[in-house]
Amino acid sequence: MKIINALLFLLLPIATIAQQHIDKPFKQDFADKYELVPSIQEAKLQKVGSNRNKAIYMLSDAGILLTGEKTIAKNTHYRPFENMNILDMDIHEGQFVYLSEEAVLSNAWAGKVLINHKIKNPLRFKMTTDFAVLIVGKGELAFFSGSKEIWRQKEKDFNPIDIIDDKIGSRFLILTENGIYELLKANKTLTKVYSGEGVTSMALHQTQIILGTSNGTINLDATSFKETSTNQKLPSNDITSIENIDGELWFGSKNGAFKLREDGKYDYYASKRWLTDNEVVDIAKGPENSVLVLTKTGLSKINFVEMTLAEKAEYFQNIQRERHIRYGFTANLSLTRPGDLTSGVMHDTDNDGLWTSLYLAGELFRYAVTNSEDAKLNAYEAFEAMERLEDISGVKGFPARAFERTGVELGEGTNGFSKEKLEAFLKENGSTWQPDKTKEWKSKITTSSDESVGHFFVYALFAELAPDKEWRDRAIRQIVLQTDHIIENNW
């Protein structure tokens, strides 16, 4: 059926573009990843943030860390910090503020922020308007205005996880191991407003409080604290962190990060394409419209950049030309060392002809629209590789899957066969790779119909769009050769 469809395609004229496409910019996401240098590889990462200077710092049990060129290392910028045990860190007015065992302090504002809190086991803090600070420890809370203590209270079995400064509600929401406490700023009234075990994280979103748990999320009304809904239909239900970033809800989990979209679906960021590992520790707003995802072993900065389709195509074209062209084919590149592009090895696939036909078609369309000499040369190079598949197979009109020089170790691949059929083929023929007439090359001779479809598809385009007649005639010759072969072999 695939071959018949391909032949019918030849009867159809190439459609003329009736209207011009307006290439409007869209937001493109991509990740920059940072890994711990060997000297701190065992560090336990806890929190991440970015200040208005675009510096990215991380809190860890090895101290304050910072990003380098794809790495994470100890922050040695401020020497006094070497002797401090920093327990928490936050951003206030675009600057880093820290909590130590003795004080809340900052290196911004000429270093004038210094609040000695005298809390025995401090764990979390939140700085609010006019540099007022709420400090929460195990079993104790204190509120300071500047360096002056305004309020202090003991609270039995109080073990804070997170604090939200709800400026609109003029209150703090404090998440603990067994529920939520509300602290009103005006009269410093502390009230437990929600009880629940196993809650891991919290965010305020519109009129809702979103709670993360080890089994999905719980939505509470932000005023009454009554449960309005639960959700276990998430990309991952084991939630570790939730953050409201510019009105968008981001979730961290033990199996990646995800963002809630306006349509109710999720953009899911996981695996090595996006993250250093999948166990998310913290999420924060990053510099230049990015989102920082801190994981167990490193940091990913997910960037959102305005880009047109033409710009995106150029980006991938540069990568394609630099390291994915093998004898003119569109080639796979496998890395022998993860992340190290210099360790790449190009190799054949069962579909060299098909994948190359798609790239060749794209370059033909680019030439037709732009008259680009570069597009023409790329198309001619790819065409020659595909054309040689028919010549090197040794069977007139029957293209090979791939070819390679003799002497290179080659795998058999599945070739679209079942295990049993592949074993039978190898028993009869010895290998799916057979030498050409020069004995200097081998070709993979188990071509299937999907490969043929790729050939017919792009040769028809080539015969219409290539600028030089002698090249167009070569494409027509391939159509004739391969069609005759199909007909002569009972379709």
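Within any chain, residue numbers begin from 1 and follow the written order of that chain's sequence. Where totals are concerned, whole chains, interfaces and linings use all residues; where local detail is concerned, this predicted model gives features only for residues with pLDDT of at least 70, and gives and counts side-chain atom pairs only at 80 or more. Based on all heavy atoms of the structure, the side-chain values leave hydrogens and waters out of the count.

Engineer: Is there a simple way to explain the overall build of the protein in this structure?
Structural biologist: In terms of regular secondary structure, the protein is built from seven helices and 35 strands. Principal-axis analysis of the C-alpha atoms places the extent of the protein at approximately 95 × 50 × 45 Å. Considering only contacts in the protein between residues 6 or more positions apart, those separated by 24 or more positions represent 48%. By the counting rule applied here, Lys and Arg register as positive and Asp and Glu as negative, while His and the ends of each chain are not counted. One atom stands in for each charge, and that atom is NZ of Lys, CZ of Arg, CG of Asp or CD of Glu. Of note, the protein has its 59 positive side-chain charges centred 4 Å away from the centre of its 69 negative side-chain charges. Comment: elements are numbered from the N terminus, with helices defined as DSSP H or I runs of at least four residues and strands as E runs of at least two. Note on definitions: a residue-residue contact is assigned when non-hydrogen atoms from the two residues lie within 4.5 Å.

Engineer: Help me understand the nonpolar core in this model?
Structural biologist: Side chains of nonpolar character tend, in soluble globular proteins, to be buried together. To form a nonpolar core, buried Ala, Val, Leu, Ile, Met, Phe, Trp, Tyr and Cys residues must be joined to one another through side-chain atoms within 4.5 Å. For every residue, the accessible area obtained with a 1.4 Å probe (protein chains only) is divided by the maximum for its type, and the residue is called buried under 20%, exposed over 50%, and partly exposed between those limits. If you look at the biggest cluster of nonpolar residues, it comprises 19 residues, and the most contacted ones within it are Leu360, Leu364, Phe383, Val458, Tyr459 and Phe462. At the level of secondary structure, the elements contributing two or more residues to this core comprise α3 (352-370), α4 (373-392), α6 (449-465) and α7 (469-488). Examining the composition of this core, we find that six residues originate from one element, α6, more than from any other. Excluding residues within four positions of it along the chain, Leu364 makes contact with Ala379, Val458, Leu461, Phe462, Leu465 and Ala466. Formed by 14 residues, the second largest nonpolar core is a distinct cluster that contains Ala43, Ile72, Leu292 and Leu299.

Engineer: In this structure, what is going on with the packing of α4 against α7? I would like to understand it.
Structural biologist: Two numbers describe a pair of packed helices, the interaxial angle and the distance between the axes. Between the N-to-C directions of two axes lies an angle of 0 to 180 degrees, each axis being a line fitted to C-alpha atoms and, for a helix, fitted only over the stretch in contact. At a minimum axis separation of 11 Å, α4 and α7 run at an interaxial angle of 30°. Considered as vectors, α4 and α7 are oriented roughly parallel to each other. Crossing of α4 over α7 shows left-handed handedness. Note on element contacts: α7 touches α4 through Trp471, Arg474, Ala475, Gln478 and Leu481, opposite Tyr380, Phe383, Glu384, Glu387 and Glu390. Note on terminology: angles under 35 degrees are roughly parallel, angles over 145 are roughly antiparallel, angles of 65 to 115 are roughly perpendicular, and the others are oblique. Left-handed describes a crossing in which the near helix is turned anticlockwise from the far one by less than a right angle; the clockwise case is right-handed.

Engineer: Would you mind showing me how to read the environment of Gln28 here?
Structural biologist: By the element assignment, Gln28 lies in strand β1 (residues 26-36). Given the relative accessible area of 12%, Gln28 is considered buried. The spatial distance from the C-alpha of Gln28 to the C-alpha of Leu309 is 9.7 Å, given a sequence separation of 281 residues. The residues touching Gln28, leaving out its near neighbours within four places in the chain, are Asn303, Phe304, Val305, Met307 and Lys312.

Engineer: Before we go on, may I ask you to explain α4 in this structure?
Structural biologist: Because an α-helix completes one turn every 3.6 residues, residues spaced three or four positions apart along the sequence face the same direction. Expected helix span is taken as 1.5 Å per residue step, with the number of steps being one fewer than the number of residues. Across its 20 residues, α4 extends 29 Å between first and last C-alpha, which sits within 8% of the 28 Å expected from 1.5 Å per residue. What qualifies as a polar contact is a pair of N or O atoms within 3.5 Å, subject to a donor-acceptor requirement within protein and to the restriction that residues adjacent in sequence count only when both atoms come from side chains. Its side-chain oxygen 3.2 Å from the backbone nitrogen of Asp374, Ser372 forms the N-cap of α4. Looking one or two places after α4, you find Gly394, whose phi comes out positive at around 85°.

Engineer: Honestly, α6 in this entry has me stumped. Any pointers?
Structural biologist: Look at α6: 24 Å from first C-alpha to last across 17 residues, which is about the 24 Å you get at 1.5 Å a residue. Buried residues of α6: Glu451, Ser452, Gly454, His455, Phe456, Val458, Tyr459, Ala460, Leu461, Phe462 and Leu465, and no others.

Engineer: Before we go on, may I ask you to explain the sheet that holds strand β2 (residues 45-50) in this structure?
Structural biologist: Any two strands with at least two DSSP bridges between them are considered paired. As summarised here, the arrangement of the eight strands in space is β2-β3-β4-β5-β1-β28-β27-β26, forming an open sheet in which the pairing is mixed. Each having just a single partner strand, β2 and β26 (280-286) make up the two edges of the open sheet. Averaged over all adjacent pairs, the angle separating strand axes in this sheet is 30°, with direction ignored. The pairing of β1 with strand β28 (residues 298-307) spans 10 bridges and is classified as antiparallel. Bridged to Lys27 within β28 is Glu306.

Engineer: Quick question: what am I supposed to make of unusual backbone geometry here?
Structural biologist: The bulk of non-glycine residues show a negative phi, and the bulk of peptide bonds are trans. In the Ramachandran plot, Asp157 falls in the positive-phi region, its phi being about 55° despite a non-glycine side chain. Within the fold, Asp157 resides in the loop between β13 (148-154) and β14 (160-166). A residue is classified by how much of its surface remains accessible, and Asp157, at 60% relative accessible area, is exposed. A positive phi angle is found at Asn289, which is not glycine, with a value near 60°. One can find Asn289 in the loop between β26 and β27 (290-295).

Engineer: Explain the sheet that holds strand β23 (residues 248-253) to me, please; I cannot follow it from the model alone.
Structural biologist: Think of a sheet as strands paired side by side through backbone hydrogen bonds, with each pair either parallel or antiparallel. Taking strand neighbours across the sheet as the criterion, the four strands line up as β22-β23-β24-β25 in an open arrangement whose pairing is antiparallel. Two strands in the sheet have a free side with no partner beyond their single neighbour: β22 (239-245) and β25 (266-269). Geometrically, the sheet is characterised by an average inter-axis angle of 20° between neighbouring strands, direction not taken into account. Pairing analysis gives four bridges linking β23 to strand β24 (residues 256-260), with the strands arranged antiparallel. Across the sheet, Gly252 pairs through a bridge with Ala257, a residue of β24.

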